[in-house]
Amino acid sequence: MPNSVFEQVNKKVIRTDVSQGGEVIARRGAMLGYSGGVTFRPISGGGGVGGMVGRAMAGESVSMMVAEGQGNALYGFRGHYVTVIQLNNETLTVEADRLLAHHANLSSSVEMIASGGIRQAVRGAMSGQGLFTTKLSGTGSVALLSHGGTFEIPVEGTMVGVDPQAYVGHVGALQIDFKIQAGIRDVVGRGSGEATQLHCTGHGRVYIQASEEKF
């Protein structure tokens with residue numbers, strides 16, 4: 001487990017210590033500044049620190065870099081809001097383009113968000129929802145990007161509906177399904193979140209942004 005957690009400097013910037021065994025993986029272009037003996041190197045797909053894998057499958061190519069050495073680093077990206085999530089032996093599923101940074105000890109994989117096959121995937125593409133997501137598992141900090149900030153909704157056995165364009169990620173044993181409300185789509189438009197929804201069931205928590213603006 002890393003010795004430090006991500007520190008929120010303000011709504012759009014985080015600071016983190018970097019050390020041996022406490023390396024940090026972040027998207028390229030997100031490093032704002034650093035101090036001490038910190039070095040940065042790119043990560044290519046197919047393995048490496050933190051078990052990072054390529055995202056070419058989804059067309060969601062988010063280049064990453066790892067910070068190593070001893071010191072601290074500041075991260076932010078294009079003025080987006082940053083939310084820090086602390087995982088405690090948990091799994092976070094998040095859209096690849098919403099991921100700013102995470103501790104390198106967290107294991108990573110890429111998978112489809114829905115289990116409904118091609119039909120569900122097509123619905124996701126039509127709604128603006130990414131077809132593939134990143135899964136991070138273990139204990140450590142994760143920093144997510146959003147438009148207007150991110151807030152948490154608990155899911156405890158009852159269904160929670162989420163606008164696909166507002167969805168950022170979720171933690172826990174949740175089933176996420178795409179649903180199209182046939183009666184509503186002709187009134188509000190087929191591209192609207194009111195017509196196309198994500199239904200979240202199970203036990204965990206879902207994170208949504210305070211905006212429908214796409215990344």
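Refer to the structure presented above.
Let me begin by describing the structure that accompanies this report. From a predicted model like this one, the values you see are computed outputs, not experimental measurements.

**Focus: the overall build of the protein**
Within the protein, the regular secondary structure consists of two helices and 13 strands. Burial analysis of the protein (215 residues in total) assigns 49% to the buried set. Residue pairs in contact within the protein that sit at least 24 positions apart in sequence constitute 81% of those at least 6 positions apart. For the protein, the computed accessible surface area is about 9,700 Å², with 50% contributed by carbon and sulfur atoms.

**A short note on the environment of V5**
Checked against the element boundaries, V5 lands in the segment before β1 (7-10). As a C-alpha pair, V5 and T16 span 11 residues in sequence and 6.7 Å in three-dimensional space. Aside from chain neighbours lying at most four places away, what touches V5 is R15, Q86, H103 and S141.

**A closer look at the pairing of β1**
Across three bridges, the pairing between β1 and strand β2 (residues 13-18) is antiparallel. Residue pairing across strands places N10 opposite V13, the latter belonging to β2. Hairpin connection between β1 and β2: a loop of two residues separates the two successive antiparallel strands.

**Notes on the packing of aromatic side chains**
By the definition in use, this model includes one aromatic pair. Relative to F40, the ring of Y34 has its centre 5.3 Å away and its plane inclined at 70°; by these criteria the two rings are edge-to-face. F40 sits in the partly exposed class, given a relative accessible area of 27%. Looking at R27, its charged tip hangs above the ring of F77, at a distance of 4.2 Å from the centre.

Each value, and the rule that gives it
Residues numbered from 1 in each chain as written. Predicted model: local features only at pLDDT ≥ 70, side-chain atom pairs only at ≥ 80, totals over all residues. Heavy atoms only, no water. Helix = DSSP H or I, 4+ residues; strand = E, 2+ residues; numbered from the N terminus. Buried < 20%, exposed > 50% of the residue type's maximum accessible area, 1.4 Å probe, protein only. Contact = heavy atoms within 4.5 Å. Areas by Shrake-Rupley, 256 points an atom, 1.4 Å probe, with all protein chains shown as cover. Pairing = 2+ DSSP bridges. Phe/Tyr/Trp six-rings, centres within 6.5 Å; stacked < 30°, edge-to-face > 60°. Lys NZ or Arg CZ within 6 Å of the ring centre and 35° of its normal.

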